[in-house]
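Understanding the architecture of this molecule
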Amino acid sequence: MRNCKDMNYETQIKRRIRILYLLLTAMLAYMVAIAEMGGGDSRIMTDLADRFSRIVFFGGMIYVISRIVHNKKLLRSRLLLKEQMLEETDERNRYLHDKSGGLVLDILLACLLFITLTASLFDMTAFYVSFAILAVALILKAGAYLCYSRF
């Protein structure tokens, strides 16, 4: 299996773009699947669950599209590509990311976000439990990041 560290930075950006397109396709398939299963019924959803589901889903789509555009812009400009590479390989930024949970916590947050979004569309009790867990995880990550960024 190829390691990302073995690839040059331009190839890594191209891979990110492909992954983001796959994520966008998966989000659209998820939306269709939820609609087919009857999720998102406004008669059983609370206002918080309704707002949360809309913000997360459509905000997520906007974020993914903006990342695709940003990465394509990086590929067109060598100067921007070099600046982005220096920022990503900066030891302080990598240290802060690792100490505040790193990749494992990032994946956990993404899973919690997906679970909370799905729960908001079907079951309010499960939504409030997963929403609380997501909030605690976000507070812990932000707290650790702020704590370590002061050193």
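In what follows, the structure referred to is the one given above.
Bear in mind that the values here come from a model prediction, so they are computed numbers and not experimental data.

1. Remarks on the nonpolar core
Ranked by internal contacts, the top residues of the largest apolar core, which has 23 residues, are Tyr30, Phe57 and Val64. If near-sequence neighbours (up to four positions away) are discounted, Tyr30 is found in contact with Phe57, Phe114, Leu117, Thr118 and Leu121. Residues Tyr9, Ile13, Ile17 and Leu74 belong to the second largest nonpolar core, which totals five residues.

2. Focus: a negative patch on the surface
On the surface, Glu83, Glu87, Asp90 and Glu91 cluster together to form a negatively charged patch. Along the chain, Glu87 falls in helix α3 (residues 78-88).

3. With respect to helix α5 (residues 102-122)
Structurally, the α-helix is built with 3.6 residues per turn, so residues lying three or four positions apart point the same way. Look at α5: 31 Å from first C-alpha to last across 21 residues, which is about the 30 Å you get at 1.5 Å a residue. Gly102, Leu105, Leu109, Leu112, Thr116, Leu117, Ala119, Ser120 and Leu121 are the residues of α5 that are buried. Residues of α5 that are buried make contact with α1 (9-37), α2 (47-76), α4 (91-99) and α6 (124-149).

4. Quick notes on the environment of Leu48
Secondary-structure assignment places Leu48 in helix α2. You can call Leu48 partly exposed: its relative accessible area is 36%. For the pair Leu48 and Ser120, spaced 72 residues apart in sequence, the C-alpha separation works out to 8.7 Å. If near-sequence neighbours (up to four positions away) are discounted, Leu48 is found in contact with Phe127, Tyr128 and Phe131.

Thresholds applied
- Residues numbered from 1 in each chain as written.
- Predicted model: local features only at pLDDT ≥ 70, side-chain atom pairs only at ≥ 80, totals over all residues.
- Heavy atoms only, no water.
- Core = buried A, V, L, I, M, F, W, Y, C linked by side-chain atoms within 4.5 Å.
- Buried < 20%, exposed > 50% of the residue type's maximum accessible area, 1.4 Å probe, protein only.
- Contact = heavy atoms within 4.5 Å.
- Patch = residues over 30% accessible without salt bridge, like charges linked within 9 Å, V, L, I, M, F, W, Y side chains within 5 Å.
- Areas by Shrake-Rupley, 256 points an atom, 1.4 Å probe, with all protein chains shown as cover.
- Salt bridge = Lys/Arg side-chain N within 4 Å of Asp/Glu carboxyl O.
- Lys, Arg positive; Asp, Glu negative; His and termini not counted.
- Charge placed at Lys NZ, Arg CZ, Asp CG, Glu CD.
- Helix = DSSP H or I, 4+ residues; strand = E, 2+ residues; numbered from the N terminus.
- Expected span 1.5 Å × (residues − 1).

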